[in-house]
Each structure stands twice: as C-alpha cells, then as structure tokens.
2 protein chains.
Amino acid sequence: MPGSRLASELKPPRRLLLGPGPSNLHPRVIKALTMPLVGHLDPYFLEVMDETTELLRETFRTSNKVTFPISGTGSAGMEAALCNLIEDGDEVLVGVNGLFGERMVDIIQRYGGKCIRVEEEWGIPLSIERIEESLRESNAKLLCLVHVETSSGVVNPVKEVGDLAKKYNVLFLVDAVSSLGGCVLDVDGFGIDVCYSGTQKCLNSPPGLSPITFSEKAMEVIRERKSKVKSWYFDVSMIEKYWSGGSKSRFYHHTAPVNLIYALRESLRILLEQGLENSWKRHREVSETLIEGIEAMGLEMLVEAQRFRAPTLNAVKTPEGVDEAEVRRRLLSIHGIEVGGGLGRLAGKVWRVGLMGLNASQTNVTLLLKALEQELIRQGFNTEPREGAPKPSKG
Amino acid sequence: MPGSRLASELKPPRRLLLGPGPSNLHPRVIKALTMPLVGHLDPYFLEVMDETTELLRETFRTSNKVTFPISGTGSAGMEAALCNLIEDGDEVLVGVNGLFGERMVDIIQRYGGKCIRVEEEWGIPLSIERIEESLRESNAKLLCLVHVETSSGVVNPVKEVGDLAKKYNVLFLVDAVSSLGGCVLDVDGFGIDVCYSGTQKCLNSPPGLSPITFSEKAMEVIRERKSKVKSWYFDVSMIEKYWSGGSKSRFYHHTAPVNLIYALRESLRILLEQGLENSWKRHREVSETLIEGIEAMGLEMLVEAQRFRAPTLNAVKTPEGVDEAEVRRRLLSIHGIEVGGGLGRLAGKVWRVGLMGLNASQTNVTLLLKALEQELIRQGFNTEPREGAPKPSKG
C-alpha cells in the first residue's frame, strides 16, 4: 500500500441530508440492508421480489404487471425507460425546463430519436397549451415529462399533460425521481405509460436502484420493435423474464442487487404503513413551514406560484451580496446540514433544500432555518422578520 | 395493503453461498455498508472516492487514471466496457466458450459492432493459435476475452492472449468478474486495456457495482470517437469527470451509490491487507482440496486440465442417474448451502461451486463435501473412495 491513508477506517461524519438526495436512511432500512444475504435465485429471494413488485405497484398506484427496480440509479431508470421505447427516427416530444429534461433530450438523441422540445425557463412550469400545440403539429410517438425538476424545484402539470397524451394517443413517460412518495402521483389515474423513480429521495433507501413501471400499452410497443433495444443491461423484455417470470420460470439476466432490494422493500413498507396520502400531506405541510420561514427572513423562492413548488425540493434564491457556496460549505461543516447548490444555469444562484421522506419534518425545518439565519447574518444580510409580502431580496 | 403477507418483516435464512455469486459478505463490509450516509458531493465522500480509486488500481494492478466502479452489476461493467469502445461497423474479435462470451457478442452487435467469433466447447479453454489466426485475418479493433467463464469454470489464457493483442496492435478487453481477487490477474502486466469485475464475487461485497479500468490507449480511442456513446449512463467520458476530476473540479453525472462504495472500499482494504498473492494462493489451495474430495467420491470436474480450472468457480459434472436439481435443492434447504446449477447448454449437467473471497476456506470445502456425499448416497450413488484415477461417473 502506498500509504497508511488508504488503510484508514471508514469514519463518515453524521449529516442531516437536506440536499437533492440522497436523504438519510430510515433506521429500519439500515437494518434491512444488512439482513443475511441470499442468492439472487434463492426461493426466499424470489418471494422478496414478488413482494417488492407488489409494494411498488401500490406506491406507483398502478396495476402494471411489468414493475420492478432497475439495477442502477435514477438516471439508469431514465435511460431504461427511453431506450426501450425509442427506435431510430422516432419523434419524441419532451418538456424541458431544467437539467433533467435536458438529460432526457441527450439520451433520446443517443438512441436515435428526434426530439421536439417544449421549453420553459428553469423554475417555470411547462405550459399545457404549448404542449398541446406541439402534439397537434407533430407525429410524436412518445411524450416525456419530468414531474419534479430536481434542478429547480418546479412541479410540472403531470395530470393535465396525461389527459393530452390520451387525447392525442401518444405514450406518456414521467420522471418521478424526486416526487414518488412525496408528491401526488397516480400512474394509472394520470394515464402514465412509463414511470421511474429513485430510491434515495423520498424512500430513504440507499442510492443504486430505480423503481420503474411499464403499462401494457408500452409493453406492446416494445414487443413490436423492429430492432433490438440497443442496451442489453436495460432491455426490459429480458429483465421482465427475471422479475415477472413467476417463481418457477424466472430466467437469469444479471445478478440482482439483493441488499438494495431488501432495503427498498422495507422502505416501501414504511411508506405504505404511513399511507401515501398522509405522506403527501406531511411533505406539503413541512414545505409550507419552510417557505414561511424563508420568506420571513426576506428570501425568495425560485418558483413563484405556490402550487408549482415541489414540497420535496425547495429552491431558494441566494440574495445578492451573499456567497452561495460559502453558506453551503458552512451549513455542512459547522452545522452538519447538507443543502444542494444550483446546477447548470442556476449554479451560484440558488440553494436546493430537499425535504424527503423521513427528512420532511418540522424539526428539520427549524434546524435548517436557524442555521441558515445564522449564516446569513454572518454575511451581513438582514434577516429581521418582514411584514406583509417579502421584500425584494437585497441584503 | 392487500394482505398481511406484504407487511411481514424481512427474515432471510442464513445461507453459505457457494454458488457463482453473490458470496457471503465480510463482517467488516456489512459494517461499512451501514456507516452514516453522506451526499455524493460531500467533501468526505470525495476523499472516499479517491481512496477507492487508488485501492482499485492496486487490486487491478494498473496505473490507469480512469479506474472507478460502474453503478451497476458486473453485466453493467461489460456493457460499459463495450459500448464506449464500439462504433457502428467496428470489427471485434471475441473468444466464446461460455454464456458470458455469448453475452459479449450480443452486446457488441446491439452497439453496431461486427463480431468475429473464436469458439470452443464450454469447459475447454480458448486456443491461442486460433485466436492468432483470426487476428491475422481480420481488421479487428478490439479483442475480447472472459478470464474466468462463470458458466463453466474454465480459465482462459489471458496473459498469452495479451501478448497477441500487443503483437497485432488491437485493444484488449477482459472480463474479470469471477477472477478479480481470486485468480492471478495483472492488468498492466498482461497488456489489458479495459478490465471490469463485480463486487459480489471474490470481494465479498454486495452486488450492485462493477469496478472498471481503462488504459490511456483505450481512452484515446474513446476521445476520438466519431459518434457519441449510445448509452448516456455508461458514457465513461462523462463519468470520468465525476470520478477523476480531482476534489475541486468534479462534475455531477449521476448520484453515486454511496453505501455500496463504502462497502467496496472496505472489501478492497481487506483484500490488500491479506495481499493479492496470498489470496490467489489460498483460492488455489482451497480449490485443490475441493477437487481432491470431488474426485475421491468418483465425480468428475467439467474442465479437464488442472491448469485451466478456475479456483473461484468449480464446475462438477452431475453423474448419470443423479437428479441435479434435487441435490441442489436439498443442499440449500437441508444443509443451508447454495451451489449453482448449469446455465444454457450445461443446464442439468453440472453443479457450479463458487469458492470466493472469505468463502474460499478449507472449512467450507469440508462442509460442502460432507453434505454433497450425503445427498449422493441418498440418491443411490456410490461415493466409496476410489483408488487411482477416478472411475467413469456412473452411479
């Protein structure tokens, strides 16, 4: 070994993870993660798979047979969703108002699709009218939307766009990475054909899996493809034979990440014990408390309209004269709280506060507001309680 | 919830995992897995990444800058290795003597490559002469080989083929999923340009990551691609900016599976504390004890020549008249020992015994031989010690 540094024991600091994810693990999830490992074809594990699938269906609110976790992070779910549906030359309509919409465009083009972009500024929800206009003018096979844009904290109007997808008879694909479990989502009710999420956000499970679900309509399109899916690892027709094959006819594809699936199963149990509606309500209430406190300090939220603010991911504008990175650095090192910085065109301009799963608590909001106030004062920003509407965010 | 079944607590049985992987986790790895979670851009985690990279370089025996774990299982590593190097129409030479060689062919074709197959029967090592012949006749850009074929337990002659790759100036790609840590492997010494493995084999870490390394020569080819890599998730030029960017210039690609990386880091520390040579030697010795016991019972190994038998994955022929699946089922349910069955054309014909990492111990061999003997006798097979060479394997 080149030095003793490499041989040092792992000693991570304890953090309150209020960034864009990962969120802190639930204690029961930690326990599940270290349960005795069994093989990926063990009869016990096959039961665990069936149960996980059933729990996922309930969480997504779907009866889709093809529902399982992809063995990769949320971005792997995005690629799996897109690469199975797209063939060379397919027209795809994509809502783009943040980094993850842009990522969809990149992936679609790599897999040979032609993108039709419907755009908004980051932080502004996509316009239903403009999406309908594009649908009317295009031959799109697929319509893609990010539910909660993790880069800006905006909620896109998934339900309304779902109605349009039905009206124009296109497949509807939704990124629910930062919404599943924390925001109102009803895959079957909203007419969503493909939906994926991540485990490290509102599920309080480790990063590394991406729950996904495909409607029968989507699966028919996939079964009728002219060409093989370019990715082998994400080919849902093959993975399905392992996940949905039934205990006796499962067909090995790749070694399932057994421990992560234990953890996911536990996190879904926790969520469903609480009840989805209760969880959505708690996320909304806790976020409202945060926003109240933020605005009382004279800060502003990036997303203007209350109803388009994601309760799970709250983007706060950094006021002029305040060093965004320095505040974030000190929140972490002095207060032990992680919040996210801005990505892409929002770099240096916002803090992104994740309140996800068990982290969505009034206590955490109080802790963060106190620490943030302290750091703002330290930088000479006046946080005295404002009356009435929040003042322009100048220090 | 539809029923209380779904709400049941996770209670996996304890298994001794002597199949093709996953192997049992090392207790220190379990501890690492549940260490406090930090964000994937946390300064502490960036250090963990640098250390993991350094430990991986030492384990692969390489000085390659681009060395990190892919966020997916071993098969994800295979796809990542191939999809970055292949462009439409590229000729690729592939050694095929088992399921994982076949999988390479499938992936190469999906990514537009033209495969030139050099084949052998499953269980027979690839012929160096025939590979050279094919190299002489082709315009291959890339030569691919599985080091240890998990489907048959054969070791392919990586070192010798590496010499050929150098001689004919082609890139050399090696699958080390079932060999890294357990079999002699020297990435730089053998002239390997791309090498990947899995964490759930000889590293005794959970499944879900695939350590990978790219030589500078491979990276140059990737940097000079005419087309974008079709996969976004596996695009090494982008992932590299997150892993190799240095603490100050890391660029977010996807959320790293933090807990799995904690676990991997610990498993590499354990391996390197023992020493690679010591680990290779132990795997060899333990496997030899197993083979002795197997042959003493009148059973035969699938791979004939001793030096082409993988110490990590031992394929034992099921003797005529013995119910392969029933023996395996009872080993699991009565004795708590998992062994693998045959895949593809070897289904029903072999047991695959993995002796990987901490599972490669004389005690485990004794436990397995005892249990196997008991089950063979139960099926009326004569396991009386043979003298001299093993007799034909009839019951």
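What you are looking at is a predicted structure, and each value in this text was computed from that prediction instead of being measured. (Residues numbered from 1 in each chain as written. Chains lettered and ligands numbered in written order. Predicted model: local features only at pLDDT ≥ 70, side-chain atom pairs only at ≥ 80, totals over all residues.)

### Re the domain arrangement of chain A
Residue and element names in this part refer to chain A.
Link 1 in the chain: For chain A, the assigned domains read domain 1 (27-273) and domain 2 (276-378).
Link 2 in the chain: In this structure, domain 1 and domain 2 have C-alpha centres spaced 27 Å apart.
Link 3 in the chain: Each partner contributes to the interface: domain 1 provides 22 residues, whereas domain 2 provides 22 residues.
Link 4 in the chain: Taken together, the residues of the side of domain 1 that touches domain 2 break down into 11 nonpolar, 10 polar and 1 charged. (Domains from an automatic or database assignment. Contact = placed C-beta atoms within 7 Å. Nonpolar A, V, L, I, M, F, W, Y, C, P; charged D, E, K, R; others polar.)

### Describing the sheet that holds strand S4 (residues 114-119) of chain A
All names here are of chain A.
Link 1 in the chain: The 7 strands are arranged S2-S10-S9-S8-S5-S3-S4 in an open sheet whose pairing can be described as mixed. Whereas interior strands pair on both sides, the edge strands pair on one side only; in this sheet they are strand S2 (66-70) and S4. Pairwise comparison of adjacent strand axes, ignoring direction, gives a mean angle of 15 degrees for this sheet.
Link 2 in the chain: Sheet topology note: the strand S5 (residues 142-146)/strand S8 (residues 171-175) ladder contains 5 bridges and is parallel. Each bridged residue has a counterpart across the sheet, and for Leu143 the counterpart in S8 is Phe172.
Link 3 in the chain: Here helix H4 (residues 99-110) sits on the sheet in contact with strand S3 (91-96), S4, S5 and S8, set at roughly 160 degrees to S3. (Pairing = 2+ DSSP bridges. Helix = DSSP H or I, 4+ residues; strand = E, 2+ residues; numbered from the N terminus. Axes fitted to C-alpha atoms, helices over the stretch in contact; angles between N-to-C directions.)

### Considering helix H6 (residues 158-167) of chain B
All names here are of chain B.
Link 1 in the chain: For H6, the complete set of buried residues consists of Val158, Val161, Gly162, Leu164 and Ala165. The buried residues of H6 occupy an angular sector of 160 degrees when the element is viewed end-on, so they sit on one face. Exposed residues on H6 whose side chains face more than 90 degrees from its buried face are Lys166 and Lys167.
Link 2 in the chain: One or two positions beyond H6, positive phi appears at Asn169, with a value near 50 degrees. (Buried ≥ 20, exposed ≤ 12 C-beta atoms within 10 Å, placed from the backbone. Arc of directions from axis to C-beta.)

### Some details on the packing of helix H10 (residues 276-296) of chain B against helix H12 (residues 362-378) of chain B
Residue and element names in this part refer to chain B.
Link 1 in the chain: Between H10 and H12, whose axes approach to 9 Å, the crossing angle comes to 20 degrees. Taken together, H10 and H12 sit at an angle that is classed as roughly parallel. Considering only the axes of H10 and H12, their crossing is right-handed. On the side of H10, the interface is formed by Val286, Thr289, Leu290 and Gly293, while H12 contributes Gln362, Val365 and Leu369. (Parallel < 35°, antiparallel > 145°, perpendicular 65-115°, else oblique. Left-handed = near helix turned anticlockwise from the far one by under 90°.)

### A closer look at the interface of chain B and chain A
Link 1 in the chain: Contact with chain B, which involves 62 residues of that partner, is made by 62 residues of chain A.
Link 2 in the chain: Taken together, the elements giving at least two residues each to the side of chain B that touches chain A come down to helix H1 (27-33), helix H2 (43-60), helix H3 (74-85), helix H4 (99-110) and helix H9 (258-274) of chain B.
Link 3 in the chain: It is H9 of chain B that contributes the most residues to the side of chain B that touches chain A, 8 residues altogether.
Link 4 in the chain: For the side of chain B that touches chain A, a count of residues per class yields 32 nonpolar, 16 polar and 14 charged.

### Some points on the relation of the copies chain B and chain A
Relating one copy of the chain to the other requires a rotation about an axis plus a shift along that axis.
Link 1 in the chain: With an RMSD of 0.0 Å, the operation that places chain B on chain A is a rotation of 180 degrees combined with a shift of 0.0 Å along the axis. The transformation relating the two chain copies, once decomposed into turn and shift, fits a two-fold axis. Across chain B, the rotation axis passes nearest the C-alpha of Gly72 of chain B, at a separation of 2.6 Å.
Link 2 in the chain: A share of 98% of interface residues in chain B that are also interface residues in chain A marks the association as one of identical surfaces. (Least-squares fit on C-alpha atoms with pLDDT ≥ 70 in both.)

### Re the pairing of S3 of chain A
Residues and elements named next belong to chain A.
Link 1 in the chain: With 5 of 6 residues buried, S3 lies mostly within the body of the structure.
Link 2 in the chain: In the sheet, S3 pairs with S4 via 6 bridges, with the strands oriented parallel. By the bridge assignment, Val92 is partnered in S4 with Cys115.
Link 3 in the chain: The handedness of the S3 to S4 crossover, carried by H4, is right-handed.
Link 4 in the chain: Direction of pairing for S3 relative to S5: parallel, over a ladder of 3 bridges. By the bridge assignment, Val94 is partnered in S5 with Cys144. (Right-handed = clockwise from strand over helix to strand, strands pointing away.)

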